[in-house]
Amino acid sequence: MNNQDIIRINPKILEWARESSGYSQLDIANRCNITEVQYNCWESEGTEVSLETLRSLSRLFKLQMATFFYPSVPQKPLRPIDRRNGLNRQLSPQTVISFRETFKLRKFLLDLKGKEFYIKKYTWLSGIDKKLTNKLDNQSLTDFVREIIGYSISDQIKDKDTIVSYRNWRKLIEENLGINTFQYSLPEDDVQGYCYSDYAPYCIVTNSKYSHSSRIFTLLHEIGHIIKQQSGLCIPDQVTDKEKLELECNSFAAMVILPDECVIQSFDPIEIFKLAHRFNVSSEVYLRRLKSLELISDEDFFPLLKQIRALVKSSSNFGRATSIQKSISSRGEYLFNNVLEALSKKSISYEYASELLNLKISHLLKI
């Protein structure tokens, strides 16, 4: 190895980068074809790291190379509490890195808007009768939340498909609730979505591996957690009867998406499929609303659930999204537009905007 290729980095930054990316020391040692003892020296001394290795690590950790030379260590992102039976499961690096990305985006929005802005944005939360939050799945609360979001049933029916409906739910939740919505492609077994309500701005993250109807449900499920002032990591589709809080948030989400007056009794799986499609919700959500309203019995529910799941076919979107479209989809329109506005006012650099939006500077220059 050429001595000119050897550089000195901040060892504490390397440790932070590894931990905030979900890797162990042994993981990185194996990837770099060195012993764990050698890697430990990198994190204790910051020497003997080659430029080529640093490039590889920056790609693996999804960080700019300049990060490793920062004089101080960035704050470690908080991991949302796992609401699935209270288990603190091992998560993939993709999911752990998404926590760090979300922390960065929230920090930008807080620095840009300030605390007072979000205090005003969240006045709707103080308008909720605290007695209602003891049990989220009540019609008074769900009607209130639906009204504040500002997405009428007629508008929901007008949307041509769940893709459009999902975009509208996201946009209105950001505009009228002040909750930012981000989206990443994460392992399905890890998480369906999560939220942060520890400080402003509150945010919800959905997993793009799931269908748009599932993502709509996840948005509302996480709003339930935010109303209860809880940060959470969830898979609403896999909730068991023992997980009372998750069941409550599921019922809340279903009632907001599909109010009582919209539910028509049916025992025909094909008709249920069509009724669900009319409201841009999943057939399973519609079926569960029938059960919650006692319009079908348990004896009818489980055979229908089996038939409905057999009817649902996975669909894929054709066409290739541009880099800008991918950025908007991941970051949400609200953050995307605020970054561009800050850039136009020269409040932030092109380098920082590129990092926030995960876009090349060349793409930013074309906008």
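The coordinates are above.
Parameters at a glance
Residues numbered from 1 in each chain as written. Predicted model: local features only at pLDDT ≥ 70, side-chain atom pairs only at ≥ 80, totals over all residues. Heavy atoms only, no water. Helix = DSSP H or I, 4+ residues; strand = E, 2+ residues; numbered from the N terminus. Contact = heavy atoms within 4.5 Å. Areas by Shrake-Rupley, 256 points an atom, 1.4 Å probe, with all protein chains shown as cover. Lys, Arg positive; Asp, Glu negative; His and termini not counted. Charge placed at Lys NZ, Arg CZ, Asp CG, Glu CD. Core = buried A, V, L, I, M, F, W, Y, C linked by side-chain atoms within 4.5 Å. Buried < 20%, exposed > 50% of the residue type's maximum accessible area, 1.4 Å probe, protein only. Expected span 1.5 Å × (residues − 1). Salt bridge = Lys/Arg side-chain N within 4 Å of Asp/Glu carboxyl O. Pairing = 2+ DSSP bridges.

Draft legend 1. Spatial organisation of the overall build of the chain. Helix and strand counts for the chain come out as 20 helices and seven strands. Partitioning the intrachain contacts of the chain with sequence separation of at least 6 by distance along the chain shows that 68% fall at a separation of at least 24. In the form shown here, the chain has an accessible surface area of approximately 18,900 Å², with 51% of it arising from carbon and sulfur atoms. Of note, the chain has its 49 positive side-chain charges centred 5 Å away from the centre of its 45 negative side-chain charges.

Draft legend 2. Quick look at the nonpolar core. Core analysis: the biggest nonpolar cluster contains 78 residues, and Ile149, Trp169 and Ile223 have the highest contact counts within it. If one sorts the elements of this core by residue count, helix H12 (residues 212-227) sits on top with seven residues. Beyond its immediate stretch of four places on either side in the chain, Ile223 contacts Val145, Ile149, Ile173, Leu177, Ile179, Ile204 and Phe252. One finds Ala29, Leu54, Leu60 and Phe68 within the second-largest nonpolar core, a separate group that totals 19 residues.

Draft legend 3. Representation of helix H16 (residues 298-311) within the structure. Between its first and last C-alpha, H16 extends 20 Å over 14 residues, near the 20 Å set by a 1.5 Å rise per residue. Those residues of H16 lying buried are Phe301, Leu304, Leu305 and Ile308. Contact partners of the buried residues in H16: helix H14 (269-278) and helix H15 (283-292).

Draft legend 4. Spotlight on the pattern of salt bridges. Using the criterion set out here, one finds 15 salt bridges in the structure. One salt bridge in this structure joins Glu43 and Arg18, with 2.5 Å as the shortest N-O distance. You can see Glu43 sitting in helix H3 (residues 36-45) and its partner Arg18 sitting in helix H1 (residues 11-19), a full 25 residues away along the chain. In terms of burial, Glu43 and Arg18 fall into one category: buried. Between Asp111 and Lys107 there is a salt bridge; the shortest N-O distance is 2.9 Å. With Asp111 and Lys107 both in helix H5 (residues 93-113) and four residues apart, the pair spans about one turn of that helix. Since its relative accessible area comes to 52%, Asp111 is described here as exposed.

Draft legend 5. Layout of the sheet that holds strand S7 (residues 232-234). Ordered by their spatial adjacency, five strands build an open sheet running S3-S7-S5-S6-S4, and the pairing between neighbours is mixed. Edge positions in the sheet fall to strand S3 (81-82) and strand S4 (180-184), since each has one partner strand and no second. Taken together, the four bridges between strand S5 (residues 193-196) and strand S6 (residues 203-207) define a ladder with antiparallel strand orientation. Counted as the bridge partner of Cys195 is Ile204 from S6.

Draft legend 6. Structural view of the pairing of S6. Of all five residues in S6, five are buried, a share of seventy percent or more. What you see with S6 is no split at all: Cys203, Val205 and Asn207 on one side and Ile204 and Thr206 on the other are buried throughout. Pairing of S4 with S6, which is carried by five bridges, proceeds in the parallel orientation. Each bridged residue has a counterpart across the sheet, and for Gln183 the counterpart in S6 is Thr206. The hairpin turn running from S5 into S6, its antiparallel successor, is six residues long.

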